[in-house]
Amino acid sequence: MRPYTYAAPGTVREALALAGDGSAYLAGGTTLVDLVKLEVMTPEHVLDITRLPLRGVAVRDGALRIGALERMADVAEHPLVAGPYPVLAEALLRSASPQIRNMATIGGNLLQRTRCGYFRDTASACNKRVPGSGCPALTGENRMHAILGTSDACAATHPSDLAVALVALDASVHLASRDGERSVKLADFYLLPGGTPEKENALRPGELITSVSVPALAWAERSTYVKVRDRSSYEFALTSAAVALDLRDGVVRAARVAAGGVGTRPWRLPAVEAALTGAPAREDAFEAAAAKAADGARPLAHNAFKPELLRRTVVRALLELAGRS
Amino acid sequence: MTRTSLGAPLDRVDGRAKVTGAARYAADNNPAGLAHGYFVLSTIAKGTIRSIDAARASAAPGVLAVYSHANPLRLLPPRSYIAQFIGEPQRAMQDAVVRHYGQIVAMVVAETFEQARDAAALVTVEYDAQPPAADFLAGVPGARDPQTPFGHPVTILADGVPDIDAALAASEVTHTAVYTQPPEHHNPMEPHSAVAMWDGGKLTIHSGSQGPALHALDLAEGLGVPQEDVHVIGPYVGGGFGGKATSWSPTLLAAAAARALRRPVKVVTTREQLFTVTGHRTASHLTVTLGARRDGTLTAVKNLAVTTFEIENPASPPTAAYKCPNLDLRLKVVDLDIPRRTIMRAPGYAAGTFGLECAMDELAHELGLDPIELRMRNYATASPDKGLPYASKHLDECYRVGAERFGWSRRKAEPRSVTDGQWLVGMGMATCVLPSSQHAGAARVRFRANGTVEVACNTADLGTGAMTVLAMAGADRLGLPVGRIRPALGDSTLPVAAEGDSFMGAVGSAATSTILSAVHDAAGEAITALIAHAVSDARSPFHGMDAQDVRYSSGVLEGGGRRAGFGELLTTTGTPGVEAVTTATLGEDTERYAFITSGAHFCEVRVHRLTGEARLSRVTCVVDAGTIVNGKTARGQIAGGVVMSAGQALLEGAYVEPATGRIANANFADYLVPVNADIPAVDVHFLDHPDTRYNPQGARGLGELTGTGVAAAIANAIYNATGTRVRDLPITPDKLLS
Ligand SMILES: Cc1cc2nc3c(=O)[nH]c(=O)nc-3n(C[C@H](O)[C@H](O)[C@H](O)COP(=O)(O)OP(=O)(O)OC[C@H]3O[C@@H](n4cnc5c(N)ncnc54)[C@H](O)[C@@H]3O)c2cc1C
Ligand code: SF4
């Protein structure tokens, strides 16, 4: 760990004023402190933002708004989340462990870094950590890596479960910087690795996530997050599916489908959504729609199973929703 | 003898200390002037160190020294055969050669842990690298014969049978398949750690180990000091599983650095470092061929195991499992540039029973027999290799009772017949076996004037409950409540047997039976000594009596109308204590009998029909281990073994990169072990048939037993649920997507 300075600003304005080159915001610390100890992240100034007033879960103008500093555990249990958006609550509850969910924040969750083992090991090359140094994952260990959105420079999975659910729900992040405030669709917030895997999102230097909002979607009550993993709990996804269904009289009127564990960013599946629209709520129709889930996939040596597992994960989520009264 | 406590499900005597944090593990010791060591590990697997630049690290805040082969802490190579074979023949930092990825190449010692760690990141090492051999499966075809006294082939042929292939050719049916598993790591909760301090030429070191005496010997050899100048203290050990049976460089380097710096040094290896700076369980590749008659009678078993370690022989379980006239069991070894291998819970048997017990399930299916029926048709009442009858074996009862408790009769033989919603449900079973071992251990029993008795044995409590068993053994033999016994273990100065392997401590599931016989004998002699003191000390009320006229019962001496508790007696005579130290004579009749611990596992799994996750939903284990000394801690051992084996079956495995020799998942995020959500309630049932030909208390060991068979029971249940047979562990969802 490299020595760094520490400050705990009390207001957003103060935080933004202190932010600069080599600074990092500290929220729950469950990603940042880990990576600082590993010397994967080496901030010179740590700005503890946990005193900022970026809290609250509320519905405003029909949209659900969640403060960036809300804890994962609290959000998962919040009545404005658990009832209307089961997919969000389930994605959160299937993340990490209770101890981590008690510490970790929503903003931090969206900015967590990949779990690629080479990224986390400073003895290894890694284009994301040291641009241009190479990507050992492409020929090395890559069972957990992405099959969608990869490039010849990087195939790291975006690990957040919550982000997958939020992308399915068309959520936006709200940002603040010294230049003012702006909002970005979460789906556009994350960048593909291309030739610059070190650039992961649209955040500008010093910019803060202040909140996340989810537009109203009445039928999101019928939504779920299916997470497939080797271990029953406390593990990242091999594959996951965030699905919401507007189902009436045995027919799918509209659907939202996004996938995790497979993409270099949370992966919305519009082709699957389109194929589901108007389809009967039956397994064969679900299979036909899910067949498109892994279109364009580029599997690596150890994750050749992921396209098939992804298709099945989507079918499973659809069946679970169709089975709900 | 009065049976006061043996068999009772007693709480651990140290349970409160452990859950309140009062128990002091090695790293909890913080003597004044403590410095902290942190290791720099190699980032190549094979080659030599061209240069080490320690200048920046040496100049970093708080740094006291940076050691490496260029500025060495001299350690002598180990001489004991145990360290040679199951430990490190080569101590770290003694030369410029890199033998595996993650080898210790430098050690930074600083005032604080953080300073040492941060400075370690400033050490730069340059290598002349060579391509390593790190691909186990690629090495399997060219594997060599073993070179040590271990792993000799076992060949037993019936009269007139020229070789095993002839026996197989003459069999009505044969089944052959390959069963593989990746390397496994012990991952004890407590990493290897040590706090070392010197006083003149004498070393005191707090360090958890499975055998404090062996640990002291290893340290003395490495440091070039007499063994009596090394005092190892480790009453609490946070898990060993074989990984702390011998001593590893981190501990030796802590002691050497403390000597060089003339101040106490603490070393705590990190979770990540543990994967490479200590030993692990070898990968294995086991080809099992069974020959049988159509009625299921086994006619031949041929096993060819390939590992990276001569001491773990997965070919060996047929020497203890079934009656069979022809056996051919062989081991071959692949040499790789990877971290050291060592013994791990149920060495050889863990991987070996996975293969054998899956093969038996497959044979049963082929023959249309119930898996229990197939096993009963090959029931061994004598040990298959030595031909000696088992003194006490009730495995048949384990099958019967287990089937009953588990509801085995509800199992459908046809795979994929039972579903529960989207989940396929299956049942599987397997035998678990482990030949029994015990050592002629030494013990010291000391009556003390304060009315308590110290019962001491040179072994360790790895979390098993050995300290409690030690107290119970003393209480039982002396007729005292457990509360009046002061158990002592985990200290190299406690008595060791002059001969034999008892100085190895808690290995081979031998601790309990070793403790029982040692304490039994020492307590008997302590009573004799107490009586001798009573009749010879002038201040004693029994003074001048004939020793034969004084009787001991439940802590009280009686004779000639006089009566005194031992505390009262010793207070009266002004004697702090009276003790005896003895080495037990083993009562077991190994010339005429064989001894075995066995049991039956039953598992139910659920496998998602679409996404293939296999989840354990029910487990029953019925165990025949002779007398159960403490039902509670014994249950902990059995259930704990099930958890570990569930990891073996479904989750665990190090991934060694073939090209680099780097372990890609050397951390707890990527090397998965079971969490609570993976483990259902485990139904453990013990038969209680004392094996009194083994020792007077009739207790055999059981610590490693559920390291055997469980993985096969799970794999067999998964086959029953899905119709997919997976022979390559761990059984992850991707393998069940058919
Ligand atoms: C063992 C383990 C298992 C896990 N398993 C899962 C899992 O299964 N699924 C899953 O989704 N996640 C998992 N996680 C990740 C976990 O959810 C994240 O670590 C956590 O959500 C990060 O939140 P935090 O508040 O602790 O962030 P921090 O560590 O404080 O910050 C993370 C990053 O975000 C930046 N940051 C934080 N807040 C803001 C803000 N408001 N504005 C701008 N920048 C900000 C920080 O500078 C830092 O770069 C796991 C983590 C661990 C350690
Ligand atoms: S996949 Fe990406 S994060 Fe992983 S090593 Fe390659 S470049 Fe680094």
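Basis of the calculations
- Starting from 1, residues in each chain are numbered consecutively following that chain's sequence as written.
- The order in which chains are written sets their letters, starting at A; the order in which ligands are written sets their numbers, starting at 1.
- Selection of residues for local features in this predicted model requires a pLDDT of at least 70, selection of side-chain atom pairs for listing and counting requires 80 or more, and totals for whole chains, interfaces and linings are taken over all residues.
- The side-chain figures draw on all heavy atoms in the structure; neither hydrogens nor water molecules are used.
- Numbering of helices and strands runs from the N terminus; a helix is a DSSP stretch of H or I covering at least four residues, while a strand is a stretch of E covering at least two.
- We take the radius of gyration over the C-alpha atoms and set the globule estimate at 2.2 Å times the residue count to the 0.38 power.
- For every residue, the accessible area (1.4 Å probe, protein chains only) is compared with the maximum for its type, and the residue is labelled buried under 20%, exposed over 50%, or partly exposed between those bounds.
- The contact definition used throughout considers only heavy atoms, calling two residues in contact when any of these lie within 4.5 Å.
- A pair of strands is considered paired only if DSSP assigns at least 2 bridges between the two.
- Axis geometry follows a simple rule: fit a line to the C-alpha atoms, using only the stretch in contact for helices, then measure angles between N-to-C directions, giving values from 0 to 180 degrees.
- An automatic or database domain assignment supplies the start and end points of every domain.
- Note on terms: buried area is the combined drop in 1.4 Å-probe accessible area of two parts once they are placed together, counting the loss on both.
- Counted as salt bridges are all cases of a side-chain nitrogen of Lys or Arg within 4 Å of a carboxyl oxygen of Asp or Glu.
- The definition of a polar contact used here is a pair of N or O atoms within 3.5 Å, where within protein one atom must be able to donate a hydrogen and the other to accept one, and adjacent residues in sequence count solely through side-chain atom pairs.
- Each residue gets one label: Ala, Val, Leu, Ile, Met, Phe, Trp, Tyr, Cys and Pro are nonpolar, Asp, Glu, Lys and Arg are charged, and the others, such as Gly, are polar.
- The sense of a crossing depends on the near helix, which, turned anticlockwise from the far helix by less than a right angle, makes the crossing left-handed and, turned clockwise, makes it right-handed.
- UniProt positions are given in the numbering used here, feature names are shortened, and annotations may be inferred rather than shown by experiment.
- If an angle is under 35 degrees, it is roughly parallel; if it is over 145, roughly antiparallel; if it lies from 65 to 115, roughly perpendicular; otherwise it is oblique.
- Here a Phe, Tyr or Trp ring, Trp counted by its six-membered ring, pairs with any other such ring whose centre lies within 6.5 Å, and the pair is stacked when the planes are under 30 degrees apart, edge-to-face when over 60, and tilted otherwise.
- Being near a molecule or strand, for a residue, means having at least one of its heavy atoms within 4 Å of it.

Under an unreviewed UniProt entry, the name given to chain B is Xanthine dehydrogenase YagR molybdenum-binding subunit, and the source organism is Thermocatellispora tengchongensis.

As annotated in an unreviewed UniProt entry, chain A is Xanthine dehydrogenase YagS FAD-binding subunit from Thermocatellispora tengchongensis.

Trainee: Looking at this structure, how should I read the overall build of chain B?
Mentor: Within chain B, the regular secondary structure consists of 17 helices and 27 strands. Expected size for 738 residues packed as a compact globule is a radius of gyration near 27 Å; at 27 Å, chain B falls within 12% of this value. Taken over the C-alpha atoms alone, chain B extends approximately 80 × 75 × 55 Å along its principal axes. Within chain B, the fraction of its 738 residues that count as buried is 63%. Restricting the contact set of chain B to residue pairs at least 6 apart, pairs at least 24 apart contribute 81%.

Trainee: Looking at this model, I keep getting lost on the sheet that holds strand β12 (residues 267-268) of chain A. Mind explaining?
Mentor: Two strands in a sheet stick together by hydrogen bonds in their backbones, pointing the same way (parallel) or opposite ways (antiparallel). Residues and elements named next belong to chain A. Spatial ordering of the open sheet is given by β9-β10-β11-β12, a layout of four strands whose pairing is antiparallel. The sheet is open, and its two borders are formed by β9 (223-228) and β12, each paired with just one other strand. Packed onto the sheet, helix α5 (residues 86-93) meets β9 and β10 (239-248) and runs at close to 25 degrees relative to β9.

Trainee: So what exactly am I meant to see when it comes to the domain arrangement of chain B here?
Mentor: Interface size, as often reported, equals the accessible area lost upon joining of the parts. Residues and elements named next belong to chain B. Looking at chain B, the domain boundaries give domain 1 (15-21 + 439-585), domain 2 (31-131 + 189-239 + 244-277) and domain 3 (284-437 + 591-737). The straight-line distance from the C-alpha centre of domain 2 to that of domain 3 is 37 Å. With 18 residues of domain 2 at the interface, the matching set in domain 3 holds 18 residues. Summed over both partners, the interface of domain 2 with domain 3 comes to about 1500 Å²; 69% of that surface belongs to carbon and sulfur atoms.

Trainee: Just to check I follow, could you spell out the interface of chain B and chain A for this structure?
Mentor: With 30 residues of chain B in contact, the opposing surface of chain A contributes 31 residues. Interface area for chain B against chain A, summed over the two sides, is near 2500 Å², with a carbon-plus-sulfur share of 54%. For the pair chain B and chain A, the interface holds four salt bridges. With a closest N to O distance of 3.0 Å, R316 of chain A and E613 of chain B form a salt bridge. On inspection of chain B and its partner chain A, the count reaches 16 residue pairs in polar contact (both at pLDDT 80 or more). Of the residues belonging to the side of chain B that touches chain A, the class tally is 15 nonpolar, six polar and nine charged.

Trainee: Help me out: how do you make sense of the packing of helix α10 (residues 349-367) of chain B against helix α17 (residues 710-722) of chain B in this one?
Mentor: Helix packing for two helices is described by the angle between their axes and how far apart those axes are. All names here are of chain B. Orientation of α10 relative to α17, taken along the N-to-C sense of each, is 35 degrees, at an axis distance of 8 Å. Considering only the axes of α10 and α17, their crossing is right-handed. Residues T353, F354, E357, C358, D361 and H365 of α10 pack against A711, A712, A715, N716 and Y719 of α17. The residue inventory of the contact of α10 with α17, partitioned by class, reads six nonpolar, three polar and two charged.

Trainee: Explanation requested: the UniProt feature "domain: FAD-binding PCMH-type" (unreviewed entry) in chain A in the structure shown.
Mentor: Per the UniProt entry, the sites bearing "domain: FAD-binding PCMH-type" (unreviewed entry) are residues 1-219 of chain A in this numbering. With 25% helix and 18% strand, the stretch residues 1-219 of chain A has end C-alpha atoms that lie 48 Å from each other.

Trainee: So what exactly am I meant to see when it comes to the packing of α5 of chain A against helix α8 (residues 161-168) of chain A here?
Mentor: Residues and elements named next belong to chain A. Their axes nearest at 8 Å, the elements α5 and α8 cross at an angle of 170 degrees. Classified by the angle their axes make, α5 and α8 are roughly antiparallel. Where α5 crosses over α8, the handedness of that crossing is right-handed. Residues V87, L88, A91 and L92 of α5 form the contact with α8, whose participating residues are D161, L162, A165 and L166.

Trainee: Just to check I follow, could you spell out the pattern of salt bridges for this structure?
Mentor: Two side chains bearing opposite charge may form a pair once their charged atoms approach each other closely. Residue and element names in this part refer to chain A. The final tally for this structure, using the stated rule, is 58 salt bridges over all chains. The salt bridge involving D152 is made with R298; its shortest N-O contact spans 3.6 Å. Taken as a pair, D152 in the loop between α7 (106-110) and α8 and R298 in the loop between α11 (283-290) and α12 (306-322) lie far apart in primary sequence, 146 residues in all. K227 is the partner of D161 in a salt bridge, and the nearest nitrogen-oxygen pair spans 2.8 Å.

Trainee: Explain the packing of aromatic side chains to me, please; I cannot follow it from the model alone.
Mentor: One pair of aromatic rings is described through two measures. These are the centre distance and the angle between the planes. All names here are of chain B. As enumerated under the stated definition, the model contains 10 aromatic pairs over all chains in all. Geometrically, the ring pair formed by W408 and F602 is edge-to-face, given 5.5 Å between the ring centres and 70 degrees between the ring planes. Placement of the pair is W408 in the loop between α12 (395-406) and β16 (418-420) and F602 in strand β25 (residues 596-608), with a sequence separation of 194 residues. Taking relative accessible area as the criterion, W408 reaches 5% and is therefore assigned buried. Judged by its relative accessible area of 0%, F602 is buried. One aromatic cluster in this structure is built from F406, W408 and F602.

Trainee: Can you help me understand the site of ligand 1 in this one?
Mentor: Residues and elements named next belong to chain A. Y25, T30, T31, T105 and D161 are the nearest of the 33 residues found near ligand 1. Note that an oxygen atom of ligand 1 is positioned 2.8 Å from one of the backbone N or O atoms of A27. Contacts to ligand 1 include K227, whose side-chain N or O atom sits 2.9 Å from an oxygen atom. When contributions to the shell around ligand 1 are tallied by element, the ones reaching two or more residues are β2 (23-26), α7 and β8 (208-214). With three residues, α7 is the single largest residue contributor to the shell around ligand 1. Of the residues in the shell around ligand 1, the class split is 17 nonpolar, 11 polar and five charged. Split by domain, the residues of the shell around ligand 1 number at least three in each of domain 1 (1-53) and domain 2 (221-322).

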